Amino acid sequence: MSSEPRQFASPLARRLAAAAGIDLTKLTGSGPHGRIVKADVEKAKTATPPPHPAPIAASPTLPAPAAPAASAGYTDLPLTPMRRTIARRLTEAKATIPHFYLTVDIEMDAVLALREQLNARLAPDKLSVNDFILRAVALGLRAVPEANAAWAETAIRRFTDIDIAVAVATPEGLITPIVRQADRKGLGEISAEVKSLATRARDGALKPEEYQGGGFTISNLGMYGVRDFAAIINPPQACILAVGSADPRPIVKAGALAVATVMSVTLSVDHRTVDGATAARFLATTKSMLEDPLRMML
Amino acid sequence: MTESVSDLIVIGGGPGGYVAAIRAAQLGLSVTLVERSHLGGICLNWGCIPTKALLRSAELYRLMGEANSFGLSAGSLGFDLDQIVARSRAVAGRLQAGVRHLLKKNKVTVIEGTARLIGPGQVAVEGQGSLTAPHIILATGARARLLLGFEPDGRFLWSYREALTPDILPRRLVVIGSGAIGIEFASFFAAFGSEVTVIEALDRILPVEDHEISALARTAFERQGLHILTGATVTGLTKHEHDVEITVESGGQTLRLPADRVIVAIGITGNVENIGLETTQVRVEKGHIATDSLCRTDQPGLYAIGDVAGPPWLAHKASHEGVLCVEAIAGLPGLHPIDPKRIPGCTYGHPQVASVGLTEAAAIAQGYTIRVGRFPFAANGKAIALGEVDGLVKTLFDSTSGELLGAHIIGPEATEMIQGYAIATTLEATEADLIATTFPHPTLSEAMHEAVLAAFGRALHI
Ligand SMILES: Cc1cc2nc3c(=O)[nH]c(=O)nc-3n(C[C@H](O)[C@H](O)[C@H](O)COP(=O)(O)OP(=O)(O)OC[C@H]3O[C@@H](n4cnc5c(N)ncnc54)[C@H](O)[C@@H]3O)c2cc1C
């Protein structure tokens, strides 16, 4: 690896090649001094079939209908620009990023108890479990800054600020507004901000700077009763945390069976940017914050 | 001279032709260049350079008018149009001599005369015999397109040539056409007090620019007192003893505009006549010679570059084609056709406008999902120090690849700054590279950095 000759390619060519899963070392550059430029990548794209087969080979290919015919047994919904973007980005992410997944179970009884106490005091405002998770993640990232990073093709980009994107479902599709500098915000502030972002996301009223960027994403489907899932990475970020529901489950404590409120979270990680042990360290820190939530209040 | 043989003959000594000749000489070819009237072409003698000299006078005059706000007193301001024009001519003369020197230094044979093709590889120079070469480049340029009924008349109706050597400062000036040339003249004469009306057939001025920039330019010009009529066509002209009256149809209305002088700047048409094209297989399309991406015509050994080979009608495009064409003739490897998306365009009025790449509308029409960044000069420290806070920088990125699709600047030194983005697009920089670049402080160029940051929600100073 280290003795490989330096590959001259334009930044744009590098990005496009990575997105298309094209190996730059296999290309001949047509730019000055053999530099690989966008045109070379485009040519390679049309010349070779993509190395990754279409992901849903199992589903039958549907012929495109001549006209939207309701009687045909299906309706084709035209793609909105947002849907198209989502489709392209996610396909690209799933096909080109070497994902790996780490799952941990977190006991949430302490958080729930603390939340109840705080909410009694804060009424009518209410903290959600998600607000605690966000704060724990922010502190986890502060402790393990290697996870607050992105793949920048020619470098690993480590972010200085801890900006956490929160996936919000809207009628048009998923959008990820960002809580900036989340590690410097208290639970109340986080809670108010997420509420406002989520409301405006559903109204389509977010400003681009409110959903562009971010170094880490949290996607929570716990409220739908989903126990555990693995999310697709939101590029160029390296990690996304998929949060499941917190519910009473049998656990073994000091050799005896007990019941605790347990939440499973799964971290999807871009292996180019973050290694397994690092990701595990981040998860352990976040877990310990949630299991001893008073530490988060500091 | 009756019969002379060289490797390459270039017909026309404008920025296309003389640059091609120099590059060919650098590559070791023997070159003969034929120019019928003035080395440096339109650009240097009747275009880019003399207009910029005039506009410099206009700029200084404007700044002197603002002297008070800088704590200066300039006494009573005045100007002498003849002196302003004389300076502009002197600037052109100096550069023309410079081109002559450069050609000599590179051992290019320069023949003063009018050339025409008389057969494959053969050129006759009027009254001076013939030349032979395996390769011939046509770089004969272009001239102002005429508007029927509004042809230059040596008095009221001007093309750019007469406008560059005005006999009077018109009290009421009508400019037909709001491209770069029309706007620059409008800006110049308005600066010295002419009452200027600009008539544009399309729905906005500077129609090749981004809509937003066109609109900002219009507002700025109107604030300076220019009248602008868009969606307007001139339909008639009545000449009186001392002035003329122009009939304009605009929005279903008929207007009559009295004017002392009229500048017609509705575009240009290639010099394709009387150069012997009938002896060749060259195709002429819409007033210019059809060429492939390496400037080759349909006739083997015959090439066309610059204005005669079609738009964009810009001196730097002509020069770039000249170099490319000659390098292809010399068989240099790895040549790339010119990408029009990477050719910047500039307009030097006040405010200046400069752009490279796609407009927002074009990017959307081509199916890109874009990110747009804007940064106003009002938030730039240097602009405030200069007292030039009007205008903005706008960037367009492809949201997936981060490719810089277009950049648009309106405001101070826009024309000097656009090259930064031109380099970026040519090197295929992405937003990450532009963001990672350190821009010196305090400079207007920091607004270019901020406009990139803004496209990604990261602008620091707004
Ligand atoms: C008022 C004005 C302002 C402009 N401002 C700008 C600007 O700011 N920036 C910019 O980029 N562009 C500007 N342009 C456009 C620019 O001048 C042209 O794009 C450029 O000159 C084209 O170069 P060229 O070499 O193709 O042709 P030209 O410069 O037109 O040169 C062609 C030459 O060929 C000669 N010739 C023609 N036929 C023959 C023949 N048969 N035999 C011998 N010689 C012949 C002509 O005499 C002429 O010198 C401006 C144009 C005008 C009119």
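Residues numbered from 1 in each chain as written. Chains lettered and ligands numbered in written order. Predicted model: local features only at pLDDT ≥ 70, side-chain atom pairs only at ≥ 80, totals over all residues. Heavy atoms only, no water.

Under the annotation held in an unreviewed UniProt entry, chain B carries the name Dihydrolipoyl dehydrogenase and is attributed to Magnetospirillum molischianum DSM 120. The Subcellular location (unreviewed entry) comment attached to chain B in UniProt states, word for word, "Cytoplasm". Here is the UniProt Sequence similarities (unreviewed entry) comment for chain B, exactly as written: "Belongs to the class-I pyridine nucleotide-disulfide oxidoreductase family." (UniProt positions renumbered as here; feature names shortened; annotations may be inferred.)

Database annotation for chain A, UniProt heading Sequence similarities (unreviewed entry): "Belongs to the 2-oxoacid dehydrogenase family."

This next bit is on the UniProt feature "domain: Peripheral subunit-binding (PSBD)" (unreviewed entry) in chain A. Per the UniProt entry, the sites bearing "domain: Peripheral subunit-binding (PSBD)" (unreviewed entry) are residues 8-45 of chain A in this numbering. For residues 8-45 of chain A, the helix share is 47%, the strand share is 0%, and the end-to-end C-alpha distance is 18 Å. (Helix = DSSP H or I, 4+ residues; strand = E, 2+ residues; numbered from the N terminus.)

Residue and element names in this part refer to chain B. Overall, parallel pairing links the 5 strands, which are arranged S10-S17-S11-S12-S13 in an open sheet. Only two strands of the sheet have a single partner each, and these edge strands are strand S10 (157-158) and strand S13 (227-229). Pairing between strand S11 (residues 172-176) and strand S12 (residues 195-199): 5 bridges, direction parallel. Bridge assignment links Val 175 to a residue of S12, and that residue is Val 198. On the sheet, helix H6 (residues 180-191) packs against S10, S11, S12 and strand S17 (261-264) and is oriented at approximately 165° with respect to S12. (Pairing = 2+ DSSP bridges. Contact = heavy atoms within 4.5 Å. Axes fitted to C-alpha atoms, helices over the stretch in contact; angles between N-to-C directions.)

So, about the site of the ligand. Residue and element names in this part refer to chain B. Around the ligand, a shell composed of 39 residues is seen, among which Gly 16, Glu 35, Lys 52, Asp 307 and Ala 315 lie nearest. One nitrogen or oxygen atom from the side chain of Ser 37 is found 3.2 Å from an oxygen atom belonging to the ligand. Trp 313 places a main-chain nitrogen or oxygen 3.5 Å from an oxygen atom of the ligand. Burial of the ligand by the surrounding chains reaches 95%, relative to a free accessible area of 990 Å². Every element with two or more residues in the shell around the ligand is listed here: strand S3 (31-35), helix H2 (41-46), helix H3 (48-65), H6 and helix H8 (315-329). It is H2 that contributes the most residues to the shell around the ligand, 4 residues altogether. Broken down by class, the residue content of the shell around the ligand amounts to 19 nonpolar, 16 polar and 4 charged. Both domain 1 (3-143 + 269-329) and domain 2 (157-266) contribute no fewer than three residues apiece to the shell around the ligand. (Near = heavy atom within 4 Å. Polar contact = N/O pair within 3.5 Å; in protein donor to acceptor, adjacent residues only side chain to side chain. Areas by Shrake-Rupley, 256 points an atom, 1.4 Å probe, with all protein chains shown as cover. Nonpolar A, V, L, I, M, F, W, Y, C, P; charged D, E, K, R; others polar. Domains from an automatic or database assignment.)

What follows deals with the nonpolar core. If you look at the biggest cluster of nonpolar residues, it comprises 48 residues, and the most contacted ones within it are Ile 164, Phe 216 and Leu 290 of chain A. In terms of residue count, the dominant contributor to this core is helix H5 (residues 129-143) of chain A (8 residues). Setting aside residues no more than four positions away along its own chain, Phe 216 of chain A makes contact with Val 137, Leu 141, Ala 147, Asp 163, Ile 164, Ala 165, Gln 237, Cys 239, Leu 241, Leu 267 and Phe 282 of chain A. Of all hydrophobic cores here, the second largest spans 34 residues; its members include Trp 46, Ile 84, Val 198 and Leu 226 of chain B. (Core = buried A, V, L, I, M, F, W, Y, C linked by side-chain atoms within 4.5 Å. Buried < 20%, exposed > 50% of the residue type's maximum accessible area, 1.4 Å probe, protein only.)

Our next topic: the sheet that holds strand S21 (residues 302-304) of chain B. Residue and element names in this part refer to chain B. Read across the open sheet, the 5 strands follow the order S4-S3-S2-S8-S21; overall the sheet is parallel. Edge positions in the sheet fall to strand S4 (109-112) and S21, since each of these pairs with one other strand and no more. Averaged over all adjacent pairs, the angle separating strand axes in this sheet is 20°, with direction ignored. Judged from the 4 bridges that link them, strand S2 (residues 8-11) and S3 form a sheet pairing that is parallel. Looking at S3, one finds that Ile 9 is bridged to Thr 32. H8 contacts S2, strand S8 (135-138) and S21 of the sheet and is inclined by roughly 170° relative to S8.

Let us look at helix H2 (residues 38-47) of chain A. All names here are of chain A. Within H2, burial applies to Lys 38, Asp 40, Val 41 and Ala 44. All buried residues of H2 project into a common sector of 165° when viewed along the axis, lining one side. Away from the buried face of H2 by more than 90 degrees, exposed residues Lys 43, Thr 46 and Ala 47 are located. Elements in contact with the buried residues of H2: helix H1 (11-20). (Arc of directions from axis to C-beta.)

Let's shift gears to the UniProt feature "binding site: NAD(+)" (unreviewed entry) in chain B. Residue and element names in this part refer to chain B. UniProt's entry tags Gly 177, Ser 178, Gly 179, Ala 180, Ile 181, Gly 182, Ile 183, Glu 184, Glu 200 and Gly 267 with the feature "binding site: NAD(+)" (unreviewed entry), counted in the numbering of this structure. Spanning 91 residues, the annotated positions come together in the fold, the maximum distance between their C-alpha atoms being 14.2 Å. With respect to the helices and strands, the residue Gly 182 is situated in helix H6. Excluding residues that lie within four positions of it along the chain, Gly 182 makes contacts with Val 175, Gly 177 and Ala 265. Within the secondary structure layout, Gly 267 lies in the loop between S17 and strand S18 (268-270). Ignoring any residue separated from it by four or fewer positions in sequence, one finds Gly 267 in contact with Arg 143, Ala 144 and Arg 145.

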